[in-house]
Amino acid sequence: MRVPLPTLLCCSAASLLLLLRWWRRRGLWKKVKEAQQRQERSLVQMEMAVRSFREQHPSVNMTSILSLPLPELSKKLRDGSLPPEHVFYAYVGKALRIATETNCITEYLQESETQLRKAKLPEKLGLLYGVPVSIKDSIDCQGHDSTLGFIKNLNKPAAEDSVVVQVLRRQGAIPFVKTNVPQSLISYDCKNLIFGQTFNPLLYTRTPGGSSGGEGALVGGGGSVLGLGTDVGGSLRFPAAFCGICALKPTGNRLSKKGIISGVVGQKAVVAAVGPMAKDVESLALCMRALLCEDMFNLDSTVPPLPFNEEVYSSTQPLRIGYYETDFFTMPSPAMRRAVRETKQLLEDAGHTLVPFELTNVDYMIFNFCVRGMFADGGTSFLKKFEGELEKSGMGLFFWLAKSPSWLKTLLSWIAKPFVPRFSHIVRSMRANTVDEVWSLHHEIEEFCYQFIAQWKELNLDVMLCPMLGPALGIGYPGKLSVAVSYTMLYNALDFPAGVVPVTMVTDEDEEELKGYKGYFRDWWDRTLAKAFHGSVGLPVAVQCVALPWQEELCLRFMKEVEALILKKNRIV
């Protein structure tokens, strides 16, 4: 029986397409395998470097070095009482251990050993002389990939260091590893197809947060004394809160973002920032002090030349502090609410004035400013990032909506509104906007910011005490709970500096009270969040400390006050 020519041609074309698709996927998997092998080689290089150092210096007390807070460590490095190589290899050894346990490191920057040798004969000692620093994947380091978890970004090493990395080096710091991120950065979990899942060092069944999750795990586990990450919705603050450390998200342009790859390039509605992560507030302040220098302002003239204000940071004047326990969008866990209440009481007992602050329209801000602002093109640019990738991210809902035509989004929003209003709002916010609509949206965000500041100044506030989502959620839950970013994303939309300080741990009483958790909408997301919080006794819970734009020093001063009061309380207990 003869097969008709058109049928034969169609079958041949289909077979060829399948073969080409298979060949292309095979090539992508090969790139992934090569990247994973490089990651494994990095860990072997770290192990060999540490072993060689220990053989040559068996008497060095690594434990005592690792126990030093950054300000004290920096002082000893600068006065010569602690050699830089002792510190460097102590942290390489500890970082290796934490990476083995949590899968937080993607690459060892072997040139750091060359920089270490040169550091022995410096012309002048920078503020971070000899300090090993870990760097988030998305921050460019010359000669190394900034992947964002995308296969297409492999084997594309950065031509030069980002400005912040250049300034760190000029201040004597030694960037020594790059750390893991979720694919696309638009997630507060930490997993991608190339390097896999990063785990929380405090409990391996929990996420370390994201998108600076590798940094959170490494710093939280003690494998780095100072880390640099980014934040476009809580990406510094989630990992810090989940891993029990401190972080500062500055005003968007206080530190240079030149050479830092963004999750959604070009969008202006939700402001991204780069900032430090460390075990304590004084370490964050030291990092900001080092970065806010002439080198930063010369290398990136778009950064305002505002050096670190020591007078504001070191002030002891009583503060007037606004506070709220909930944003009426994401119901706080019992531990979150208690964290704010106990911190408020400690601050009042210390002589500060606490003033209730009423948040309004947070749901409108989340849907209309954040979701609509980040996906103003209907998700087209977000979708493009995933073209040719083997995995389509953990953001299943947003990915599916981005692919849906506008008429379907409109129809779905209308049908869902009476039953699942939050889903309806998200669907509606994901439609494509005209240029005029985007300009109107940006104007609306500006007006919202002015109104928020007016309310702040009417109460004559210095700073604000706010809840921070916690404790750490189980692995996989952040992808199901994108709506739970309301507490952090507010301050990206407003572009206010916001820091995180751990203040308490989940108790048995919190866990018992969680059984009555219903949420404000009583929808699938609220029920899922209750499950995600469950079984968290002993995990850390943080608060957010917020200041007005460009007042990072005041924000840090407030964080330092909270930290000191918590430490004092714990000593008494």
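Small disclaimer: the values here were computed from a predicted structure and weren't measured.

Q: Any chance you could explain the overall build of the protein here in plain terms?
A: Within the protein one finds 23 helices and 13 strands. Radius of gyration (C-alpha) of the protein: 24 Å, near the 25 Å computed for a compact globule of 573 residues. For the protein, the spread of C-alpha atoms along the principal axes amounts to about 90 × 60 × 50 Å. The buried share of the protein, taken over its 573 residues, is 58%. Across the protein, every contact between residues at least 6 apart in sequence was considered, and the portion connecting residues at least 24 apart equals 81%. Surface summary for the protein: the accessible area is close to 24,200 Å², and the carbon and sulfur share equals 57%.

Q: Is there a simple way to explain the sheet that holds strand E13 (residues 540-546) in this structure?
A: Across a sheet, strands are paired by hydrogen bonds formed along the backbone, either parallel or antiparallel in direction. A sheet is described by the order of its strands in space; here 11 strands give the open sequence E1-E3-E2-E6-E8-E7-E12-E13-E11-E9-E10, paired in mixed fashion. The open sheet has two edge strands with one neighbour each: strand E1 (105-108) and strand E10 (353-356). Within this sheet the neighbouring strands show an average axis-to-axis angle of 30 degrees, counted without direction. Pairing geometry for strand E11 (residues 463-467) and E13, over 4 bridges, is antiparallel. Paired with proline 467 across the bridge in E13 is valine 543. Set on the sheet, helix H5 (residues 111-118) makes contact with E1 and strand E3 (174-179); between it and E3 the angle comes to about 165 degrees.

Q: I'm lost on the pairing of strand E6 (residues 227-231) in this one. Help?
A: When a strand is regular, its side chains alternate between the sheet's two faces. Counting buried residues along E6, 5 of its 5 residues qualify, which places the element largely inside the surrounding structure. With burial as the criterion, each face of E6 is covered, one bearing Gly227, Gly229 and Asp231 and the other bearing Leu228 and Thr230. Looking at chain direction, strand E2 (residues 132-136) and E6 are connected through 2 bridges and run parallel. Across the sheet, residue isoleucine 135 finds its bridge partner in E6, namely leucine 228. Sheet analysis places E6 next to strand E8 (residues 273-278), joined by 5 bridges and oriented antiparallel. Bridge pairing in E8 places leucine 228 opposite proline 276.

Q: Would you mind showing me how to read the pairing of E13 here?
A: Counting buried positions over the 7 residues of E13 gives 7, a clear majority of the element. The alternating pattern of E13 places Pro540, Ala542, Gln544 and Val546 on one face and Val541, Val543 and Cys545 on the opposite face, and all of these are buried.

Q: Would you mind going over a nonpolar patch on the surface with me for this structure?
A: Side chains of Trp407, Leu411, Trp414 and Ile415 sit close together on the surface and give an oily, nonpolar patch of about 520 Å² of accessible area. Mapped onto the fold, tryptophan 407 is located in helix H16 (residues 406-416).

Q: Teacher, can you tell me more about the environment of threonine 410 here?
A: Positionally, threonine 410 belongs in helix H16. Owing to a relative accessible area of 52%, threonine 410 belongs among the exposed residues under this scheme. Expressed as a C-alpha distance, the spacing of threonine 410 and methionine 430, which sit 20 residues apart in the sequence, is 9.6 Å.

Q: Teacher, can you tell me more about the nonpolar core here?
A: Within the largest apolar cluster, 180 residues are counted, with the highest numbers of intra-cluster contacts made by Leu73, Phe452, Met464, Tyr491, Phe496 and Leu556. With 10 residues, helix H4 (residues 84-102) is the single largest residue contributor to this core. Each residue touching leucine 73, except ones within four places of it in the same chain, is listed here: Ile65, Leu68, Leu82, Val87, Tyr91 and Val225. Within the second largest apolar cluster, 8 residues are counted, among which are Leu28, Ala35, Leu154 and Phe195.

Q: Is there a simple way to explain the packing of helix H13 (residues 362-374) against helix H20 (residues 486-493) in this structure?
A: Helix packing geometry: the angle between the two helix axes and the distance between the axes. Direction vectors running N to C along H13 and H20 enclose 65 degrees, while the axes themselves pass 10 Å from each other. The two elements H13 and H20 cross, and the hand of that crossing is left-handed. Contacts from Val362, Met365, Ile366, Cys370 and Met374 in H13 reach Ser486, Met489, Leu490 and Ala493 in H20. Among the residues making up the contact of H13 with H20, the classes are represented as 8 nonpolar, 1 polar and no charged.

Q: What is the right way to read the pattern of salt bridges from this model?
A: Oppositely charged side chains can form a pair if their charged atoms are brought close together. Scanning the model with the defined rule gives 22 salt bridges in all. Glutamate 553 serves as the salt-bridge partner of arginine 254, at 2.9 Å between the closest nitrogen and oxygen. In this pair, arginine 254 is assigned in the loop between strand E7 (246-249) and E8 and glutamate 553 in helix H23 (residues 552-572), connecting sequence segments 299 residues apart. The residues arginine 254 and glutamate 553 share a single accessibility class, namely buried. Here glutamate 325 and arginine 337 are joined by a salt bridge, their closest N and O atoms 3.5 Å apart. Taken together, the positions of glutamate 325 in the loop between strand E9 (320-323) and helix H12 (334-349) and arginine 337 in helix H12 put the pair 12 residues apart, joining distant regions of the chain.

Q: Sorry, what's going on with the packing of H16 against helix H17 (residues 421-429) here?
A: Orientation of H16 relative to H17, taken along the N-to-C sense of each, is 160 degrees, at an axis distance of 8 Å. Looking at the two axes, H16 sits roughly antiparallel to H17. Note that H16 runs across H17; the crossing there is left-handed. Where H16 approaches H17, its residues Lys409, Leu412, Ser413 and Ala416 are matched on the opposing element by Pro421, Phe423, Ser424, Val427 and Arg428. Looking at the contact of H16 with H17, its residues break down into 5 nonpolar, 2 polar and 2 charged.

Q: Please explain helix H6 (residues 163-170) as it appears in this structure.
A: Among the 8 residues that make up H6, 6 are buried, leaving the element largely enclosed by the rest of the structure. Those residues of H6 that sit buried are Val163, Val164, Val165, Gln166, Val167 and Leu168. Structurally, H6 contributes buried residues whose contacts are with E2, E3, E6, E8, helix H9 (281-291) and helix H10 (294-299). Taken from the residues just after H6, glycine 172 is the one with a positive phi, measuring 90 degrees.

Q: Would you mind showing me how to read the packing of aromatic side chains here?
A: Aromatic ring pairs: the centre-centre distance and the angle between the two ring planes describe each pair. Tallied over the full model, the rule gives 22 aromatic pairs. With a centroid separation of 5.6 Å and an interplanar angle of 70 degrees, the aromatic rings of phenylalanine 329 and phenylalanine 521 are classed as edge-to-face. On the criterion of sequence distance, the pair formed by phenylalanine 329 in the loop between E9 and H12 and phenylalanine 521 in the loop between helix H21 (508-513) and helix H22 (524-533) is long-range, its members being 192 residues apart. Looking at phenylalanine 329, the relative accessible area reads 0%, which means it is buried. By relative accessible area, phenylalanine 521 is classed as partly exposed at 28%.

Reading the values: the criteria
All residue numbers refer to position in the chain's written sequence, counted from 1. The model is predicted, so local features are restricted to residues of pLDDT at least 70 and side-chain atom pairs to those at 80 or more, both for listing and for counting; the totals for chains, interfaces and linings are taken over all residues. Values shown for side chains rest on all heavy atoms present in the structure; no hydrogens or waters enter the calculation. For helices the rule is a DSSP run of H or I covering at least 4 residues; for strands it is a run of E covering at least 2, with both sets numbered from the N terminus onward. In this treatment the radius of gyration is a C-alpha quantity, and the globule benchmark scales as 2.2 Å times the residue count to the 0.38 power. For every residue, the accessible area obtained with a 1.4 Å probe (protein chains only) is divided by the maximum for its type, and the residue is called buried under 20%, exposed over 50%, and partly exposed between those limits. Contacts are assigned to residue pairs that have any heavy atoms within 4.5 Å of one another. The accessible surface values rely on the Shrake-Rupley method and a 1.4 Å probe; as for residues, cover is taken only from the protein chains in view. We treat two strands as partners when DSSP finds at least two bridges between them. With axes taken as lines fitted to C-alpha atoms, and helix axes fitted only over the stretch in contact, angles between N-to-C directions fall between 0 and 180 degrees. Each patch groups residues whose relative accessible area exceeds 30% and which form no salt bridge, using 9 Å between like charges and 5 Å between nonpolar side chains of Val, Leu, Ile, Met, Phe, Trp and Tyr. Only one rule defines a salt bridge in this text: a Lys or Arg side-chain nitrogen within 4 Å of an Asp or Glu carboxyl oxygen. Here the nonpolar core consists of buried residues drawn from Ala, Val, Leu, Ile, Met, Phe, Trp, Tyr and Cys, with membership extended through side-chain atoms lying within 4.5 Å. Here a crossing is taken to be left-handed if its near helix is turned anticlockwise relative to the far helix by less than a right angle, and right-handed if that turn runs clockwise. Only Asp, Glu, Lys and Arg are considered charged in this grouping, and only Ala, Val, Leu, Ile, Met, Phe, Trp, Tyr, Cys and Pro are considered nonpolar; every other residue, Gly among them, is considered polar. Here the word oblique covers every angle except those under 35 degrees (roughly parallel), over 145 (roughly antiparallel) and from 65 to 115 (roughly perpendicular). Paired rings are identified among Phe, Tyr and Trp, the last through its six-membered ring, by centres lying within 6.5 Å, and are further divided according to the angle between planes into stacked (under 30 degrees), edge-to-face (over 60) and tilted (the rest).

These figures capture arrangement, not role.
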